[in-house]
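Summary of the model geometry
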Amino acid sequence: MTDTFTMDSPQPRLLDQTGQGVVGTPMNRPDGPHKVSGRASYTADTVMDNVLHGVLVRATIARGKITGIDRDSIRSIQGVIDVITDQRMIRNPAQGMAGEAPVQPGDAVYYHGQPIALVVAETFEGARDAAQRLNIRYETEKAYVTPEGTPDREVADPETAGDFDAAWKAAEVRVDQKYTTPSHAAAAMEPHAAIADWKDGSVTLRSSLQMIRFNKKELADTLGIEPAQVRILAPFVGGGFGSKLGLGPEAAAAAIASQKLGRPVRVVMTRQTVFDCVLRRSETAQRVRIGATQDGRITAISHDDTVSNLDGEGFSEPVSQASQFLYGADGLSFTQTVARIAATPAGSVRAPGEAVGMLGFESAMDELADSLGIDPVELRLRNLPDTHPMDGREFSVRGLADCLREGAEQFGWAQRGTAGTRREGDWLIGMGMASAARSSMLVKSAARVRLTGDRAVVETDMTDIGTGTYAILAQIAAEMLGLSPDNVEVRLGNSDLPGASGSGGSFGANSAGSATFLAARKIRARLAEQLGCSEDDLTLQGGRARGGNREMALTDLARDEMQAEATIESGMTAKSHFSSGFGAHFAEVAVNEWTGEVRVRRMLGVMSMGRILNEKTARSQALGGMIWGIGAALTEDMQSDRRDGHVVTRDLANYHVPSHADVPGDMQVLFLEERDDWANPIQTKGIGELGISGAGAAVLNAIAHATGKRIYDFPALPDRVI
Ligand code: MOS
């Protein structure tokens, strides 16, 4: 019943021919009123009879063994039902896609804050009290909690093209700099939560998760049961940013406890627990080398990095991802080192790779422009490669040059002037820019569309993590079927529905959107058949179908429900072409010369990211990303105690994500819309993460321009700025 579609050729632009004009419009989210009125029910809002409360007990040493759990220490606390220590719940959440996360043995401690037990009680207060008082005995072992000094390092084989060493030696002008970025937290607004309910040999899990199809398999693997015994519900997710890609310890613990105790169990993390044991973005140490000729042709590019993770974790922050294809050179080389440390597992946090890699790389580009005496926009324009520098693939469509030119024009870049020369009282003023890039992905995704009369339903286990999935899938189906989007109901976040990509890596709209499109196209074909015309000849508009010389209302033509399901296959787009979103970020900052305080005064992001499905949600994504860029440049700094690795900045007061006061009122997003026929059947490219990629570097380059002094350790905190 489900057709599978694989990308192997440029795709026709059917969405431009349907004539509805629904796709692209800044439609409000259908879920918006539910959210602002409190009717959207997030995991922890679920009210359930007979529910037990679980609180995770977490290790207070960095490395070692648990030698005893003193259950007597909590005997006096009322309502405690059980202390569950089960090695299956110690699974790391980091990159658990499809059950590949390592399960840590139950008596071993790998980092401070690691979940080691679940206390279950009749009340949340009782469980919390008991979890705090439970006396655990440990045998401690030596731990390395930061990458510096740890002897356990894995150096990957360099990824290369051409001969970097020769090109570097021959370069007339060289920049060779080191940068550091700290760990980052995803800091999603909704803390991680799970409620599990076992009945008749299967489990229903309500949890805040990004990728239900994968999470279902992870939970089955964790529990040693069949995926068919697992049902997951996540209709609303209050942000994820990577931290909810994989099944978390709260979900595994809730499921194990519910199975054992025969009652529903709810585990809701506090903000502090989220910081401690839900994945972090690795800190990075980067070395960037860029060599060029005197007249500004880049000849050598190298971007080496050291990141960290727990031993055995497969994920490593792909720091040099964008450095590998933004600019061309005669020789390129990229080497990654992974330091194995005793710290919160490292995983994907929004725009893994680019978000921090471009801080270093685009700062080095700015420094090279200075050294050459060439405008930074001009330097980038002169060095756009003809094909992907690493593998020779053609770019499907690359809007980078247009973004750079248009951004410079719109931002008033020509007025920038010489570094360190503009001031207003105590404030030094500067402008900076950086390129943006984030490669576009497609992940296997299925969707079902049902049409009855002039009403349609879209069903998929896709999630909406605050990004606008409910809106865009309704728009795609409405566009294809000639309906008002008000007549399209979108059902998401339920593992009983066709399995989608989930939300991650900016592939959600590409993937779930394509599946919805393909399913709707099948319905169109059936409508054409019933009307007796060819598909090309079919026009669906305003609830009416026209074709050949016939016209019918959908209420007559589709009186009985029509159903179609379709699947789009994974792949980095077609193999012959490389698809990426591109953009250019511009920032103006004021730096207080006495305090080092940095105020971002205005910002512009110009982005070409394929077809825009919804101008409003797309803009919000881009703005959100740029605000993350401000955070990475100025404030976000996850710090751990150097003795035992415990997270010190474990709330939103100490880990400062930009608030309204940190964000300029003048924050503009400009889309240079394009069609990427090689990306997928709806010609979109990922949006969510392009906004952050490069945005922070624009702010940092603006600081350098304001003060005439460069910073190499980020974020640019006041003491580093003055
Ligand atoms: Mo994203 S960091 O893949 O949610």
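Just so it is clear, the model here is predicted, and its values are computed rather than measured.

Re the overall build of the protein chain
Per the secondary structure count, the protein chain includes 15 helices and 34 strands. Scaling as 2.2 N^0.38, a compact globule of 722 residues should have a C-alpha radius of gyration of about 27 Å, and the protein chain matches this with 26 Å. Split into buried and exposed, the 722 residues of the protein chain put 58% on the buried side. Expressed as a percentage of contacts within the protein chain between residues at least 6 apart in sequence, the contacts between residues at least 24 apart total 83%.

Quick word on the domain arrangement of the protein chain
Often the size quoted for an interface is simply the accessible area lost on bringing the parts together. As assigned here, the protein chain comprises domain 1 (2-40 + 442-568), domain 2 (44-348) and domain 3 (353-440 + 575-721). One C-alpha centre belongs to domain 1, the other to domain 2, and the line joining them spans 35 Å. The interface of domain 1 with domain 2 comprises 16 residues on the first partner and 20 residues on the second.

Thoughts on the packing of helix α4 (residues 212-223) against helix α5 (residues 249-261)
Direction vectors running N to C along α4 and α5 enclose 50 degrees, while the axes themselves pass 11 Å from each other. Considering the angle they form, α4 stands oblique to α5. As for how α4 packs across α5, the hand of that crossing is right-handed. Every residue of α5 that contacts α4 at Leu219, Thr222 and Leu223 is listed here: Ala251, Ala252, Ala255 and Ile256. Of the residues assigned to the contact of α4 with α5, the class counts are 6 nonpolar, 1 polar and no charged.

Description of the nonpolar core
If you look at the biggest cluster of nonpolar residues, it comprises 221 residues, and the most contacted ones within it are Val119, Ala477, Val699 and Ile703. Setting aside chain neighbours within four positions, we find Ala477 in contact with Val449, Ala456, Val458, Val488, Thr516 and Ala520.

What to know about the sheet that holds strand β7 (residues 135-140)
The 3 strands lie next to each other as β5-β3-β7, forming an open sheet whose pairing is antiparallel. Because the sheet does not close on itself, it has two edges, and the strands there are β5 (108-109) and β7. Pairing of strand β3 (residues 64-70) with β5 involves 2 bridges; the strand directions are antiparallel. The partner of Lys65 across the bridge, within β5, is Ala108.

A few points about α4
Taking 1.5 Å of rise per residue, the 12 residues of α4 would be expected to cover 16 Å, and the 16 Å separating its terminal C-alpha atoms lies within 8% of that figure. Three or more residues of α4 are buried, namely Ile212, Arg213, Phe214, Asn215, Lys216, Lys217, Glu218, Leu219, Asp221, Thr222 and Leu223. Contact partners of the buried residues in α4: β13 (202-207), β14 (230-233) and α5. Phi for Gly224, located one or two positions after α4, is positive at around 70 degrees.

Quick word on the environment of Glu689
Assignment of secondary structure puts Glu689 in the loop between β34 (666-671) and α14 (695-707). Once the C-alpha coordinates of Glu689 and Ser439 are considered, the two residues, 250 residues apart in sequence, prove to be 9.4 Å apart. Setting aside chain neighbours within four positions, we find Glu689 in contact with Arg350, Ala351, Glu354, Arg438, Ser506 and Gly625.

Things to note about α5
The end-to-end C-alpha separation of α5 is 18 Å, in line with the 18 Å expected for 13 residues at 1.5 Å each. Within α5, 10 of the 13 residues are buried, leaving the element largely enclosed by the surrounding structure. Residue Gly262 follows α5 closely and has a positive phi angle near 70 degrees.

Structural notes on the sheet that holds strand β29 (residues 550-553)
One open sheet accounts for 3 strands, arranged β27-β28-β29; its pairing is antiparallel. The sheet terminates laterally at β27 (539-541) and β29, the two strands that pair on one side only. Within this sheet the neighbouring strands show an average axis-to-axis angle of 15 degrees, counted without direction. Pairing of β27 with strand β28 (residues 544-547) involves 3 bridges; the strand directions are antiparallel. Following the sheet pairing, Leu540 is matched in β28 by Ala545. Relative to the sheet, helix α11 (residues 508-531) contacts β27, β28 and β29, its axis offset from that of β28 by approximately 65 degrees.

Looking at the environment of Ser570
Looking at where Ser570 falls in the secondary structure, it is placed in the loop between β30 (562-568) and β31 (577-578). Since 14 C-beta atoms lie within 10 Å of it, Ser570 is described here as partly exposed. Along the chain, Ser570 and Arg602 lie 32 residues apart, while their C-alpha atoms are 39 Å from each other. Once residues within four sequence positions are removed from consideration, Ser570 is found in contact with Leu442, Val443 and Lys444.

Observations regarding the confidence of the model for the protein chain
Looking at the protein chain as a whole, the pLDDT averages 94, with 97% of positions reaching at least 70. Per-residue pLDDT stays below 50 along residues 93-103; that stretch engages in 48 contacts with residues further than four places along the chain or on separate chains. With a pTM of 0.96, the predicted complex shows an ipTM of 0.96.

A closer look at unusual backbone geometry
The residue after Phe714, namely Pro715, is reached through a cis peptide bond having omega 0 degrees. Position of Pro715 relative to the elements: it lies in the loop between α14 and α15 (718-721). In this model, Asn50 sits at a positive phi of 65 degrees, which is unusual for a non-glycine residue. The residue Asn50 is located in the loop between α1 (32-36) and β2 (52-58) in this model. The class for Asn50 is exposed, based on 8 C-beta atoms found within 10 Å. In this structure, Gln683 takes a positive phi of about 60 degrees despite not being glycine. As for its placement among the helices and strands, Gln683 is situated in the loop between β34 and α14. According to the C-beta neighbour criterion, Gln683 is buried, with 26 such atoms within 10 Å.

Some thoughts on the pairing of β28
Burial along β28 is one-sided: the residues Ala545 and Gly547 are buried and none of Arg544 and Arg546 is. With antiparallel pairing between neighbouring strands as the criterion, β27 and β28 make up a hairpin whose turn holds 2 residues, including Gly542 at a positive phi of roughly 55 degrees. Looking at chain direction, β28 and β29 are connected through 4 bridges and run antiparallel. Within the sheet, the bridge partner assigned to Gly547 lies in β29 and is Arg550. Hairpin connection from β28 to β29: 2 residues lie between these consecutive antiparallel strands, with Gly548 at a positive phi of about 60 degrees.

Definitions and cut-offs
Residues numbered from 1 in each chain as written. Predicted model: local features only at pLDDT ≥ 70, side-chain atom pairs only at ≥ 80, totals over all residues. Helix = DSSP H or I, 4+ residues; strand = E, 2+ residues; numbered from the N terminus. Rg over C-alpha atoms; globule rule 2.2 N^0.38 Å. Buried ≥ 20, exposed ≤ 12 C-beta atoms within 10 Å, placed from the backbone. Contact = placed C-beta atoms within 7 Å. Domains from an automatic or database assignment. Axes fitted to C-alpha atoms, helices over the stretch in contact; angles between N-to-C directions. Parallel < 35°, antiparallel > 145°, perpendicular 65-115°, else oblique. Left-handed = near helix turned anticlockwise from the far one by under 90°. Nonpolar A, V, L, I, M, F, W, Y, C, P; charged D, E, K, R; others polar. Core = buried A, V, L, I, M, F, W, Y, C linked by C-beta atoms within 7 Å. Pairing = 2+ DSSP bridges. Expected span 1.5 Å × (residues − 1). pLDDT = per-residue confidence, 0-100.

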